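Survey of secondary and tertiary structure
Each chain, written out:
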Amino acid sequence: KKDLNLKPTNDITSDVAYSTPAGYKQVLAKIYGSFATTGGGGSGSSDLGGIDAGASDFIRLYWNAQELTSDEGLCVWNDPGVFDLNYQTYTSENVILRGLYTRSLYQITVVNEFLRESTPEKLASRNITGTDATTIGAYRAEARFLRAYQYWVLMDLFGNPPFITEANEIGVVAPQQIKRADLFKYVESELLAVDPLLPAKSDYGRVTQGANWMLLSRLYLNASVYNGTARNTEAITYASKVIGAGYSLQSAYKNLFLSDNDKNNNEVILSINYDGNLTQNYGGTTFLINASINGDMSPAKFGVPAGGWGGIRTRSTLPAMFGITGGFTSNPDSRAMFYGDKAANDDVAVFTDGLRAIKFRNVDRNNVAAPSNNGTFCSTDFPLFRLPEAYLNYAEAVLRGGGGGSMSQAVTYVNLLRQRAYGNETGNVNSLTLDNILTERAKEFFWEGYRRTDLVRFGKFTDGSYLWPFKGGVKAGRGVEATRSIFPLPSADVIANPNLTQNPGY
Amino acid sequence: VQAQTGSITGKIIDETGIGLPGASVLVKGQGRSASTDSNGNFKIIGVTNGAVTLTASYIGYSSIDLNVTVKGNTVANFSLKPDAQNLNEVVVIGYGSVQKKDLTGSVTTVSSKDFQAGNITSPEQLIAGKVAGVSIVSNGGAPGAGSTIRVRGGASLNASSDPLIVVDGVPFGTNLTIGATNPSVIAGVASPLSLINPNDIETFTVLKDANATAIYGSRASNGVILITTKKGKSGEPVINFSTVNSYATVAKKVSVLTGDQVRAYVNANGNDAQKALLGTANTDWQDVIYNNAFSTDNNMSIAGSFKNIPYRVSGGYLDQRGLMVTDRMTRATGGITLNPTFFDNHLKVDLSLKGSLSESHFANNKDRDAIVAAIQFDPTQPVHANNQYGGYYEWIGSTGQLNPNAPKNPLGLIEEKQDNGKAARSFGNLRLDYSFHFLPELHFNVNGGYDVSKGYGTTNVPAYAAQEASTFGKSSQYEAVQHNKVAEAFFSYNKDLKSIRSNINATAGYGFYENSTTTYNFNSYNALGNLQSTPVFPFDTQQNRLLSYYGRLVYTFADKYILSGTMRSDGSSKFSETGRWGYFPSAGFTWRAINESFLKDSKVFSDLKMRLSYGVTGQQDGIGNYTYLPNYYTSVNESQYQIGGTFYHMYTPIAYDKNLKWETSTTYNAGIDYGFFQGRVYGSIDAYYKKTKDLLSLVPIAVGTNFSNQLLTNVGNMENKGIEVSINVGIIKSADVNWDMGFNFTYNQNKVTNLSLNPSPDFKIGTADGNIAGATATTLKWNSPNYAPGSFYVYKQVYNAQGAPIEGVYADLNNDGVVNDQDRYFYKNPAPKYILGFTTSFNYKKLTLSTVLRANIGNYIYDNVSSNFGVNRNLLSPSGLINNASTTFYDTNFSNNQYLSDYYIHNASFLKMDNAGLAYNFGRLSPNSKANLRITANVQNVFVISKYKGVDPESSTGIDYNLYPRPRTYSLGLNLGF
Amino acid sequence: KKDETRIVAGNGTAPVLTSTQTALVLDSASAVKTAVAFNWTTSSFGYSAGLSYALQMDVAGNSFKAPKEVALNTLLTKTFTVAEINSLVNQLKLTPAMAGKVEVRIKASVSDKYTPAYSNVLPITITPYQIIIIYPSLYVPGSYQNWLPDKPTAARISSVPDNGAYEGYVYFPDATTDYKLTSAADWAHVNYGTSAPGTLNQGGGDNLHTEGAGYYLIKADIKVLTYSVTKTVWAIIGDATGASDAAMTYDTAGHVWTVTKALSAGSFKFRANGTDAISYGDKEGVPDPKGSNIIIAAAGTYKITLNLSNPGNYTYSVVKQ
């Protein structure tokens, strides 16, 4: 009976969603928006079932996984999963890791559906032709890049995740697991495949060849972690491509992390974009800015008059790299953006035991706060890839024996960063060691979610030879099991998906 | 032409010789009947001359058959005797009614005289503890709060285990069923059932086995509750006025540390900064937010007949205050029923209209954060302080800014929020029952019903209030309108075939049901009038439809053997075309052994009946209306993404299962109805076995499979088995003293038998209502094969030699040397193994004492209050404030939360005295006066005996966290009739 | 109360710890080779427990007050490479190139909230090598080593904060020494000479020139192009030495300053040339200009060693004789 065919009032069926080029763009917005928002229903909504909005944002969770487990960040909150990360004692039940894993796979699922619905055949059947079809075809390359990025995240953090592509139908059939080395091949092949399809330049915040080369360089630099075979020459090749692509350093380092960082920014290669009113999210930079300060630090100065959650601060190891061991006053290196009068992390549960990193702020270059209707949401965009990574990848790959680069060029690149940081040449170096690079990366990229990956690559993540406060859960720090350099697969999914085998050691 | 019809007049008197008003007399086989007037007199006209059988009946009395020969005006008088067992009572069943003795299914009726007394504001509480196999757990003490009703433990996992409720033949729409998932509730009122005035209810009938329920097909798996409302009576108008005035008190509070205890702990364990935060007060925040509350409930009804049209008009006004300060609901209800008959009784019309208007002031009881804050807020701080947040003490940092991580002042949360809701509801139906002139055994029945409700409300928080300080207050509104329509038509045919000592009773019909809810979306503002959010769409309408065909055939042979069968076919808009239609048959065999010759004259047995039945029912509630379709939704204005300078609304795919299908239950039931010694002892025993397959449940699925990691889908099978016993005893029956006692016993066991989603025997799926407060995304209750649904899945706590739990230390149950998630085990579940109900009333002349006791045995509860608040890290919060903890903290001394320890799971078996009442019936105020008076005094929630130390052992979810305390209520009532 | 029997933890039984070596002389050349393996037996806490083991190492006599710990989860064996164990004992501040005594034990625990069980204590003698951190450096090729900047014989001066200001100690054996500063270990990059005393000439100028053999502190700041050269003769001084300088002697083979002397209980610092202008106290076990006095807890004869030969990696040791 026709009486029983009812349609929703405001939702639309997939046939309608994909009936116009505008619809495809709105789905493309979802593909990007999947790592900028937690859901389509406002800041309290979550794309992930059973995981609340606060524990489902990509950057918030990725940041926690990459920074709290490292020598950079330490969180004071008692929320489930936080201390596991602080102490590197995470288990397969860690909800932060589960949220991240689920978020990454969610974005992949959304991309897969888009790819299924945007094939030339489907476009033709919907009478979308000509320029429209070409434009949508270009979206496909962007979508594939973003999928490859999320697979890179999964490969780097979880090693052996479930694997789904547009060939897998939506339903209830559980995906198969992929091994880390195989996933490396897949990510590599996807990135190489989309390379000629991506534009050299595009709208701000959209995927370009530069982002693709940056990720390729990162992928190759870490290759020996993923499959045991170093690929430093390729790391240099793609870093050089990025360097040669016309990006340039922002003159003032601090401007990279302000609410108007979407303006006049030729350094950031790809960013996740937020808006305090139109892209609201309790994760992202809203989390980074609010959690890094508390009410006693005059949140209004950070552009969040009603914020200041008092959660995350540095481990003393981070300011120590700038030579700061007590309170913070000033530092010749302008990247040292800290706050507080005590660097030591005596009490893990006291927010002020440790300097606060105040790199991200919700004000613009004129110190005017970006608007948000609750005094908390931020408009600062989060840089996923910045030009300096190409410089440092180049230098590190040269030091690791990669071909196609030179030591003197490496020193030059590093000095570009140090000159910006010091404002003059007083910080320049004449030589480089791998340890220099690791330290330089901390100085350049702290609070940007690089650290765990870097420490793993340098063999210092689990090892007893490099300790930081509360590493391994003891104040003096201690070595932990080598298996901890890969996170456990969430037990919720190991239960739900019989094809999964848990990572060793969990 | 000689007149071929005559009339019958007479009088029906009770055992004391007084005329019984409202008793009925039926001419068997002719479909003619009459009711007695206020003096017990009746007259039936148009009776065919000749020998007929008359049946006189009255609720609570044994019916009497009388053979008379009609010629002209014939006189027939009856003297009825009270019957404890009411075997001749007419009981409503689906699409019809039968006498109790002819029932073929497992059906229990509770009529108004047996209802729970006192301050009852939501109808289902009338029968709490009264029916074997039915558990009714109130959702807390808020005014108008509903209850979780489970018939035989419920047959569903997550979809919905709520029974179908049918009022006067009109099924409530699924969007109105209590406790069902979104969009289920009427906006602006706590529970939709609370919009029915309990005083208008005549009977509750619970259909339990499939033979009784299967005629309701796809909505019947969790049992069916039929409610009939009071009807008009012929004769002089009878006016009834009743008032109940009650005083509710807090029965028990959560045990937390006092101000002095917190000071002592912080001074001993805190750092200097924390010690400096301590205040000097001793505030009991629970005392601050709870107060004793008066309620008054007044009802008036007039029943009589006007120009031969029986009518009943009723009105009620309830003003109920809640235990939380400012919590209040007022409700005005009105009802009118007309029951005329036309064409010489060939056409019976039942018109029923009910309406209600309620206004609620919600004291922050929707999300219950004031209840939580009252447990957690530092008792060393005063209630009030001189600050910019309305004068309520708040946690303010050194720069004068509100600490965003701190709980807000509990009283401020309540008093600074104006949360007002209004709900208007009207439901009613018109039933026409036509018996054909040429074939009086054939009836045609048409039933049209509607249920319209509108809920709307506003929430206002001033700009200075701490709870919305970041947005400078709040001003928002909501509105939802529900339209439910029912149209049914059926034929029924009832024929005695005397020649073959048989009776055939057949029914066949068609039904159409439509439920629709429209939610209107509004801009929301802050208290300064600044726009906070704008909806993308002005409204959203959710709709579902059901088309049904149904039939029933009952064949009775020799008044002893009854074979019955039903069939229903339902088509639902919630499923794709391939799986849309479901077929739900049932069959039953009943042996009325009492009518066998060897028992007929037994002095011992007054009734003996055996029932066997089988049937299939379905379940589709709790499922979204369009979840089989691949849909996208448009993101709201606050969730756009910027591409190239333009913000785009995102199209988000919604998880769907195109193969979604019915959940079906197959039930086998065997029962005995018995009576001894002229009904002095009677009751029934039932045993059942129910298998539910294709259970619908919102389950975690393998990530990457669909557009969510959770999906509502068919996941597996479950079985329920149980025994229900009821015993009623008239201990003393004499002129001055009557002592009755009723006892019911339920044993129920639910077990998940397999989860087809994954064949592994270790596979398990978390339940949607099994999450722990404080531990985001941590699921406590799981479903797994061979365990009861929603079993707690926890770690086994290890204790030290002193008997205290060691923090974070659990047994390595799988002996692999590591304690990880594979060492969690299933430990107990929230469902009681045994439910016992006991009612007794003792009557001496005009004085009646009565009580209702209930006990649950074998139910377990998770103490989420202690697991979340009873830790050092809560007391000495890292966020620069002090919190309070539950006193169990002294037992554990945990520094961090150990949410998944079995330490927090407690045996919550309990014995509750629900009600203790005293009534004095003055009877007629003077021998010639029609006025009569009855005065009642009641205490509800008299006592609870339980080993569980939390605030209340009774919980529908098994997780004790933010319960609005169930009050202890003292009430005084007066009932005046004239 | 639980309906069933509770699991009660007892006191853990002590694991029995053995090792493959009891004395180790570590050598950076064999950093990746296996140095020692430890094995131990299981502990039991009287129930089926999730036990985790950790290896603790501390200086002998310290009673494991501040042990270095390696988490080993459920393992019953742990093999250290030379580099790994060297890193551990360096964290214990054992003096490089000197045999030091450490103690090793195994901690078995079910939780940090419950008393752990410890194994027997295994004493081990270890001679570590210093882990030299190479900081950004200038090279000091000169006449004392045949002007070969690419040879290890070329001294370096380093900038620990990497700010263009370099310092380091160089021993000149000859009566006169000529040298230059180079930015890399070759002549192909920036070479600093001098054209005026105290001033560096970037890319030109004369050789730097120092008269007299001795142990020199060389400072250079390439941002402002200045340099200084100060001859240093080291001593210890403090109430432990009776408040007078106790001269140290330079060991040309070991590149260290040493003194063996009877000290009273008290404290001392290192200083050069009889003034406090160049002096080192202790900060976290290494010489530091702003460090605190070095404590001598009990009177006795001590051998005190100061090693300033690796720029940025200064060490000292105090060993009771």
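1. Here we look at the overall build of chain A
The secondary structure content of chain A amounts to 18 helices and 9 strands. Its C-alpha atoms give chain A a radius of gyration of 22 Å, within 12% of the compact-globule value 23 Å for 506 residues. Dimensions of chain A, computed from C-alpha atoms along their principal axes, come out at roughly 75 × 50 × 50 Å. Looking at chain A as a whole, 68% of its 506 residues are labelled buried. Sequence separation of at least 24 residues holds for 69% of the intrachain contacts in chain A that already meet a minimum separation of 6. Roughly 14500 Å² of accessible area belongs to chain A as shown, and the carbon and sulfur atoms make up 51% of that amount. Averaged over its 47 positive side-chain charges, chain A has a centre that lies 1 Å from the centre of its 49 negative ones.

2. Some thoughts on the packing of helix α14 (residues 387-399) of chain A against helix α15 (residues 407-422) of chain A
Helix-helix packing is characterised by the crossing angle of the two axes and by the distance between the axes. Residue and element names in this part refer to chain A. It is at 9 Å that the axes of α14 and α15 come closest, and there the two elements cross at 145°. For the element pair α14 and α15, the recorded crossing hand is left-handed. In this structure, α14 uses Pro388, Tyr391, Leu392, Tyr394, Ala395, Val398 and Leu399 to contact α15, whose residues at the interface are Met407, Gln409, Ala410, Tyr413, Val414, Leu416, Leu417 and Arg420. In terms of residue class, the contact of α14 with α15 is built from 13 nonpolar, 1 polar and 1 charged.

3. Quick look at the packing of aromatic side chains
Residues and elements named next belong to chain A. In this structure the tally under the stated criterion is 100 aromatic pairs over all chains. Note that Arg218 overlies the ring of Trp152, its terminal NZ or CZ placed 4.9 Å from the centroid. Lying across the ring of Phe322, Lys443 places its NZ or CZ 5.6 Å from the centre.

4. What about the interface of chain A and chain B?
Between chain A and chain B, the contact holds 96 residues from the first and 89 residues from the second. Across the chain A/chain B interface, buried area totals approximately 7600 Å², and carbon plus sulfur atoms make up 54% of it. Of all residues in chain A, Leu4, Leu6 and Asn10 of chain A bury the most surface against chain B, accounting for 10% of the area lost on that side. The tally of links from chain A across to chain B stands at 1 salt bridge. A salt bridge links Glu93 of chain A to Arg824 of chain B, with the nearest nitrogen and oxygen atoms 3.3 Å apart. At the junction of chain A and chain B, the tally comes to 39 residue pairs in polar contact (both at pLDDT 80 or more). Contributing elements (two or more residues each) for the side of chain A that touches chain B: β1 (12-13), α1 (14-17), α2 (21-33), α5 (95-117), β5 (268-272) and α18 (491-496) of chain A. Here the side of chain A that touches chain B is composed, by residue class, of 43 nonpolar, 36 polar and 17 charged. Pairing analysis gives 2 bridges linking β1 of chain A to strand β34 (residues 631-634) of chain B, with the strands arranged antiparallel. Each bridged residue has a counterpart across the sheet, and for Thr13 of chain A the counterpart in β34 of chain B is Asn631 of chain B.

5. Concerning unusual backbone geometry
All names here are of chain B. At Lys307, a position not held by glycine, the phi torsion is positive, near 50°. With respect to the helices and strands, Lys307 occurs in the loop between β19 (293-306) and β20 (309-321). Accessibility expressed as a relative area gives 70% for Lys307, which makes it exposed.

6. Describing the environment of Thr851 of chain B
Residues and elements named next belong to chain B. Looking at the element boundaries, Thr851 is found in strand β51 (residues 847-857). Along the chain, Thr851 and Met741 lie 110 residues apart, while their C-alpha atoms are 9.8 Å from each other. For Thr851, the side chain forms a polar contact with the main-chain oxygen of Asn915, separated by 2.6 Å.

7. Some points on the pairing of strand β23 (residues 347-361) of chain B
Residues and elements named next belong to chain B. Two strands pair when backbone bridges link them, and strand β21 (residues 328-338) and β23 are joined in this way by 11 bridges, in the antiparallel orientation. Counted as the bridge partner of Ile336 is Leu353 from β23. The pairing of strand β22 (residues 341-342) with β23 spans 2 bridges and is classified as antiparallel. Within β23, the position partnered with Thr341 by the bridge is Lys348. Where β22 folds back on β23, the antiparallel hairpin that results is connected by 4 residues, among which Phe343 adopts a positive phi of roughly 50°.

8. Digging into the sheet that holds strand β47 (residues 797-799) of chain B
In spatial order, the strands read β48(B)-β47(B)-β1(C); together these 3 strands make up an open sheet with mixed pairing. In this open sheet, the two edge strands, each paired with only one partner strand, are β48 (805-810) of chain B together with β1 (7-8) of chain C. Relative to β48 of chain B, β47 of chain B runs antiparallel, the two sharing 2 bridges. In the sheet register, Tyr799 of chain B faces β48 of chain B, and the bridge partner there is Pro805 of chain B.

9. Re the interface of chain B and chain C
Counting from both sides, the interface comprises 25 residues of chain B and, opposite them, 18 residues of chain C. When chain B packs against chain C, close to 1700 Å² is buried across both sides, 51% of that on carbon and sulfur atoms. Here chain B is connected to chain C by 0 salt bridges. Where chain B touches chain C, the interface holds 8 residue pairs in polar contact (both at pLDDT 80 or more). Those elements giving two or more residues to the side of chain B that touches chain C turn out to be β47, β48 and β55 (905-907) of chain B. Ranked by the residues each element gives to the side of chain B that touches chain C, the list is headed by β48 of chain B, at 4 residues. Tallied by class, residues from the side of chain B that touches chain C come to 13 nonpolar, 7 polar and 5 charged.

10. Overview of the nonpolar core
Judged by nonpolar contacts, the single largest core of 164 residues is most densely connected at Phe114, Phe145, Tyr149, Trp152 and Phe385 of chain A. Each residue touching Trp152 of chain A, except ones within four places of it in the same chain, is listed here: Tyr62, Val187, Leu215, Arg218, Leu219, Tyr226 and Thr453 of chain A. Counting 41 residues, the second-largest nonpolar core is a separate cluster that includes Ala31, Tyr53, Val102 and Ala108 of chain C.

11. Concerning helix α1 (residues 82-91) of chain C
All names here are of chain C. By the criterion of burial, α1 is predominantly enclosed, with 7 of the 10 residues buried. All of the buried residues along α1 are Val82, Ile85, Asn86, Ser87, Leu88, Val89 and Asn90. Lys93 sits one or two residues past α1 and shows a positive phi near 65°.

12. Some remarks on the confidence of the model for chain B
Residue and element names in this part refer to chain B. For chain B, mean pLDDT is 87; residues scoring 70 or higher make up 96% of the total. The lowest-confidence element of chain B is strand β12 (residues 134-138), averaging 80 in pLDDT; the highest-confidence one is strand β52 (residues 860-863), averaging 96. As scored by the predictor, the complex reaches a pTM of 0.85 and an ipTM of 0.81.

13. Considering the sheet that holds strand β3 (residues 32-35) of chain B
Residue and element names in this part refer to chain B. With antiparallel pairing, the 4 strands of this open sheet are ordered in space as β3-β2-β5-β6. Every interior strand has two partners, whereas the edge strands, β3 and β6 (64-70), have only one. Within the sheet, the average angular offset between the axes of one strand and its neighbour, ignoring direction, is 25°. Here strand β2 (residues 24-27) runs beside strand β5 (residues 50-57); their pairing, made up of 4 bridges, is antiparallel.

14. With respect to the packing of helix α3 (residues 58-68) of chain A against α5 of chain A
All names here are of chain A. α5 packs onto α3 with a crossing angle of 130° between their chain directions and a minimal axis gap of 9 Å. Accordingly, the angle class assigned to the pair α3 and α5 is oblique. The hand of the α3/α5 crossing is left-handed. Across from Phe58, Leu61, Tyr62, Asn64 and Ala65 in α3, the residues of α5 making contact are Ile96, Leu97, Gly99, Leu100, Arg103 and Ser104. Among the residues making up the contact of α3 with α5, the classes are represented as 7 nonpolar, 3 polar and 1 charged.

15. Here we look at α5 of chain A
Residue and element names in this part refer to chain A. Under the 1.5 Å per step criterion, the end-to-end length of α5 is 32 Å for 23 residues, consistent within 8% with the ideal 33 Å. The buried fraction of α5 is high, at 23 of 23 residues. The opening residue of α5 is Asn94, an N-cap whose side-chain oxygen sits 2.8 Å from the backbone nitrogen of Ile96.

16. With respect to the side chain of Glu188 of chain A
Residues and elements named next belong to chain A. By the element assignment, Glu188 lies in helix α8 (residues 180-194). A distance of 2.7 Å separates the side chain of Glu188 from the side chain of Tyr220, its partner in a polar contact. Residues contacting Glu188, with those up to four places away along its chain left out, are Leu219, Tyr220 and Arg231.

17. Things to note about a nonpolar patch on the surface
All names here are of chain B. On the surface, a cluster of nonpolar side chains totalling about 930 Å² of accessible area is made up of Ile731, Ile732, Phe842, Tyr844, Leu847, Leu849, Leu918, Tyr920, Phe922, Leu925, Ile935 and Leu974. Those elements that provide at least two residues to the nonpolar patch are β42 (716-733), β50 (834-844), β51 and β56 (910-924). Of all the elements, β56 adds the most residues to the nonpolar patch, at 3 residues. Owing to a relative accessible area of 42%, Leu849 belongs among the partly exposed residues under this scheme.

Here is what the cut-offs are and how they apply
- Residues numbered from 1 in each chain as written.
- Chains lettered and ligands numbered in written order.
- Predicted model: local features only at pLDDT ≥ 70, side-chain atom pairs only at ≥ 80, totals over all residues.
- Heavy atoms only, no water.
- Helix = DSSP H or I, 4+ residues; strand = E, 2+ residues; numbered from the N terminus.
- Rg over C-alpha atoms; globule rule 2.2 N^0.38 Å.
- Buried < 20%, exposed > 50% of the residue type's maximum accessible area, 1.4 Å probe, protein only.
- Contact = heavy atoms within 4.5 Å.
- Areas by Shrake-Rupley, 256 points an atom, 1.4 Å probe, with all protein chains shown as cover.
- Lys, Arg positive; Asp, Glu negative; His and termini not counted.
- Charge placed at Lys NZ, Arg CZ, Asp CG, Glu CD.
- Axes fitted to C-alpha atoms, helices over the stretch in contact; angles between N-to-C directions.
- Left-handed = near helix turned anticlockwise from the far one by under 90°.
- Nonpolar A, V, L, I, M, F, W, Y, C, P; charged D, E, K, R; others polar.
- Phe/Tyr/Trp six-rings, centres within 6.5 Å; stacked < 30°, edge-to-face > 60°.
- Lys NZ or Arg CZ within 6 Å of the ring centre and 35° of its normal.
- Buried area = accessible area lost by both parts, 1.4 Å probe.
- Salt bridge = Lys/Arg side-chain N within 4 Å of Asp/Glu carboxyl O.
- Polar contact = N/O pair within 3.5 Å; in protein donor to acceptor, adjacent residues only side chain to side chain.
- Pairing = 2+ DSSP bridges.
- Core = buried A, V, L, I, M, F, W, Y, C linked by side-chain atoms within 4.5 Å.
- pLDDT = per-residue confidence, 0-100.
- Parallel < 35°, antiparallel > 145°, perpendicular 65-115°, else oblique.
- Expected span 1.5 Å × (residues − 1).
- Patch = residues over 30% accessible without salt bridge, like charges linked within 9 Å, V, L, I, M, F, W, Y side chains within 5 Å.

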